[in-house]
Amino acid sequence: MGVPVPDPPAGRVPGGEAFVSLRVLLADDEPDVRMVVRMQLERRGWDVEEASSGYEALEVCRGGDVDVAVLDQRMGGFTGMEVADILRRESFESPIIIFSAYLDPGLEADAARRDLTAIPKTDISALLTEIATHEEVGEPPKAG
Amino acid sequence: MKLTSEGGDGLSATNVPPRRDIDHIRALTSASARINEHLAVDEMLVELCRQAARLTGASSAVASIDADDGYGERTARWSAEDRAEDDLLALEGPGADLRPEEMRGRGWLVAPLLTREGRNLGAVQIARSPDHGGFSHRDEALLESLAHIASVAIDKARVYEMAAAQELAQFREEILAGISHDMQTPLATITGIVDMLVEGTLDEEEENALHRTLQRQNRNLRALVQQFLDFSRLESSRQLLLRPRPTDVVAVMEQAVELFAHDRELVIGADSDLPWAMADPERLQQVLVNLLSNATKYSDDRIRVVARRVGGEVAVDVIDQGRGIDEDELANLFRKFHRGTNSAGTDGTGLGLYVSRALVEAQGGTLTATSTPGWGCRFRIRLPAASRGERPS
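Because the structure is a prediction, the values reported are computed rather than measured. (Residues numbered from 1 in each chain as written. Chains lettered and ligands numbered in written order. Predicted model: local features only at pLDDT ≥ 70, side-chain atom pairs only at ≥ 80, totals over all residues. Heavy atoms only, no water.)

## A look at the sheet that holds strand 9 (residues 303–310) of chain B
All names here are of chain B. Strand order in this open sheet of 5 strands is 7-9-10-12-11, and the pairing throughout is mixed. Two strands lie at the open edges of the sheet, namely strand 7 (266–270) and strand 11 (366–372), each paired on one side alone. Here the average twist between neighbouring strands, direction ignored, is 15 degrees. Relative to strand 10 (residues 313–319), strand 9 runs antiparallel, the two sharing 7 bridges. (Pairing = 2+ DSSP bridges. Helix = DSSP H or I, 4+ residues; strand = E, 2+ residues; numbered from the N terminus. Axes fitted to C-alpha atoms, helices over the stretch in contact; angles between N-to-C directions.)

Now the structure itself:
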């Protein structure tokens with residue numbers, strides 16, 4: 001495509017390179033969970049932005065540049081599902097993952113209905129795999 | 001209700017019901033009252049058998065319900081032979097029926113039990129032993145009327161029981177979800193840390209941070225398990241396992257506070273002449289951790305833990321500067337499964353304060369809460385001071 005590449009948004013690697021790092025929002029009210037998950041995400045080369053409540057998660061996502069939002073279900077302020085609903089109403093299009101300590105069938109059905117992925121907190125490797133599937137989003141468009 | 005009288009004893013010319021009809025109505029009224037004294041379906045079925053036999057002189061009776069709506073089968077039996085054991089009536093398993101030997105008699109009557117909508121719910125059967133005569137039309141009418149009366153009562157109780165069971169199941173589900181959630185958080189953290197330690201590509205600083213977190217979450221998990229064990233002991237009215245001994249309360253406070261220091265500014269204070277307390281240090285720590293965990297959940301500011309001498313007791317206060325708790329809520333705070341009105345979205349089972357108070361009381365102390373809404377709360381543990389002789393040198 002002959003369109004000139006615009007200035008990249010802050011925090012992004014300029015377009016046209018082979019790989020663009022994902023920016024992941026990690027919202028959880030438990031600081032130890034955030035620390036452990038953050039370390040795992042950063043080891044895969046992703047940038048992590050933390051939020052400790054539903055409100056903070058909304059603020060970070062509204063600030064833009066979130067490629068994947070990982071939301072704890074039970075947080076102070078809003079639940080993960082409520083944050084997801086608000087974000088979708090505000091046309092936030094990045095993938096949202098509900099990362100919950102307790103996944104009951106009701107919660108899984110709620111997530112599926114909203115087209116969200118639900119992953120239990122005890123399975124961090126599943127979270128990493130899921131986030132990795134969105135890495136291609138950051139790839140530059142192929143010339144056609 | 002249609003009542004029939006037997007033989008030629010119909011209404012007389014004077015329009016006064018014959019004696020037999022009056023007896024008939026009296027018998028039914030009394031039977032109805034007895035059945036309606038009960039609240040549970042099982043008891044009603046037992047009473048129905050007893051009344052059916054009493055009214056008709058039957059030697060055995062079986063009442064059973066088996067509606068196809070999820071309530072399940074229930075059967076009650078009464079037999080003259082069991083009468084020796086103080087009218088003992090047994091509830092029997094599904095599919096129970098009159099026994100073959102009971103059917104050998106000269107009479108057998110059955111009347112349906114119906115729901116209000118006329119759906120079949122089950123039946124009541126009566127039989128007479130061979131050495132007695134058969135049943136009369138009067139008996140038949142009585143049984144039919146009695147079955148009608150019992151149907152109304154049983155159907156109502158059944159609907160009520162089904163609703164209560166559903167509510168209980170939902171309540172259990174919520175509690176289990178809470179317990180499971182609370183345990184999953186430390187488990188998730190521990191699993192994540194162990195994975196990284198096994199991978200082994202961490203620098204020293206990272207490794208140290210992970211070790212500290214591992215220790216903290218491991219303690220959290222142990223405290224949760226302990227809380228559920230205590231709760232289960234309380235539920236079955238067994239004594240909590242405690243070993244009160246002279247205890248340096250400040251040392252216990254320091255250990256508890258350390259668990260939260262990574263997340264929050266915590267300040268410890270103590271009177272200089274603070275005596276030791278008679279307490280189980282592990283259990284006191286469990287209570288303090290619970291109070292601190294609540295304080296960090298419901299307030300964002302500094303938390304103070306202060307120990308004072310109050311009369312012959314040691315008082316330990318946990319003071320936060322959060323939203324506070326209003327008066328109505330304070331009254332319910334220590335109730336089992338109670339969760340604060342501000343608790344939406346946060347973790348918890350509603351067991352912490354309930355178990356904490358029981359633990360403090362089992363150590364001969366008290367646990368109370370005061371609050372000025374908008375200014376925070378103060379939880380106060382009071383424990384007996386260890387006497388001079390008990391204090392280790």
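## Observations concerning the interface of chain A and chain B
Each side of the interface is counted separately: chain A has 18 residues, and chain B has 32 residues. Roughly 2200 Å² of surface becomes buried between chain A and chain B when both sides are summed, with 56% attributable to carbon and sulfur atoms. In this structure, the connection of chain A to chain B is made through 2 salt bridges. Put simply, Arg-216 of chain B and Asp-32 of chain A hold a salt bridge, and the shortest N to O gap is 2.7 Å. Grouping the amino acids of the side of chain A that touches chain B by side-chain chemistry returns 9 nonpolar, 3 polar and 6 charged. (Contact = heavy atoms within 4.5 Å. Buried area = accessible area lost by both parts, 1.4 Å probe. Salt bridge = Lys/Arg side-chain N within 4 Å of Asp/Glu carboxyl O. Nonpolar A, V, L, I, M, F, W, Y, C, P; charged D, E, K, R; others polar.)

## Thoughts on the environment of Thr-370 of chain B
Residue and element names in this part refer to chain B. Checked against the element boundaries, Thr-370 lands in strand 11. It is 8.9 Å that separates the C-alpha atoms of Thr-370 and Gly-324, two residues lying 46 residues apart in sequence. If we skip the residues at most four places from it in the chain, Thr-370 touches Leu-330, Cys-377 and Arg-378.

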